[in-house]
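Secondary and tertiary structure notes
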Amino acid sequence: ICIIGNDIFQWKDKNYLNISVEKLKEIFIESKVFINGEPEIILLGLTKGKISNMLDLKKKSMAEKLPFEIMKHDAACRTINILTMEGRKIIAILI
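What you are looking at is a predicted structure, and each value in this text was computed from that prediction instead of being measured. (Residues numbered from 1 in each chain as written. Predicted model: local features only at pLDDT ≥ 70, side-chain atom pairs only at ≥ 80, totals over all residues. Heavy atoms only, no water.)

Let us now look at the pairing of strand β4 (residues 68–72). Both strand β3 (residues 41–46) and β4 contribute to a ladder of five bridges, which runs parallel. Across the sheet, Leu43 pairs through a bridge with Glu69, a residue of β4. On the question of chirality, the crossover connecting β3 to the parallel β4 by way of helix α2 (residues 55–63) is right-handed. (Pairing = 2+ DSSP bridges. Helix = DSSP H or I, 4+ residues; strand = E, 2+ residues; numbered from the N terminus. Right-handed = clockwise from strand over helix to strand, strands pointing away.)

This is the structure in structure tokens:
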């Protein structure tokens, strides 16, 4: 799923390796309509797969000034709950 602010969308691509910096930028820009401003963070929560496989994407997102973090699914869910309770503007992708 993809959570943008208080809205939930289906994330169609189940292969986390298909996520690109271009896709993250697209989501970041389009999300501004849903959350009334700029997102503070894009969280990627993985149920399967290795976070180490995503380090190149993390480096590229940092170069593009995208606030992108990768974590295991359970940690991402806890983080989403905390940030939402704080009223923070987030994008979360859970695969």
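The next point concerns the packing of aromatic side chains. Under the definition given, this model contains one aromatic pair. Ring geometry for Phe9 and Phe34: centres 5.2 Å apart, planes at 70°, overall edge-to-face. Here the residue Phe9 occupies a position in strand β2 (residues 7–9), and Phe34 occupies one in helix α1 (residues 21–35), the gap between them amounting to 25 residues. Of the residues examined, Phe34 reaches a relative accessible area of 42% and is grouped as partly exposed. (Phe/Tyr/Trp six-rings, centres within 6.5 Å; stacked < 30°, edge-to-face > 60°. Buried < 20%, exposed > 50% of the residue type's maximum accessible area, 1.4 Å probe, protein only.)

Glancing now at the environment of Ile93. Relative to the helices and strands, Ile93 is located in strand β5 (residues 90–94). Here Ile93 falls in the buried class, since its relative accessible area comes to 1%. It is 11 Å that separates the C-alpha atoms of Ile93 and Phe68, two residues lying 25 residues apart in sequence. Those residues in contact with Ile93 that lie beyond four places of it in its chain are Ile1, Cys2, Trp11, Leu24, Ile27, Ile42, Leu43, Leu44 and Gly45. (Contact = heavy atoms within 4.5 Å.)

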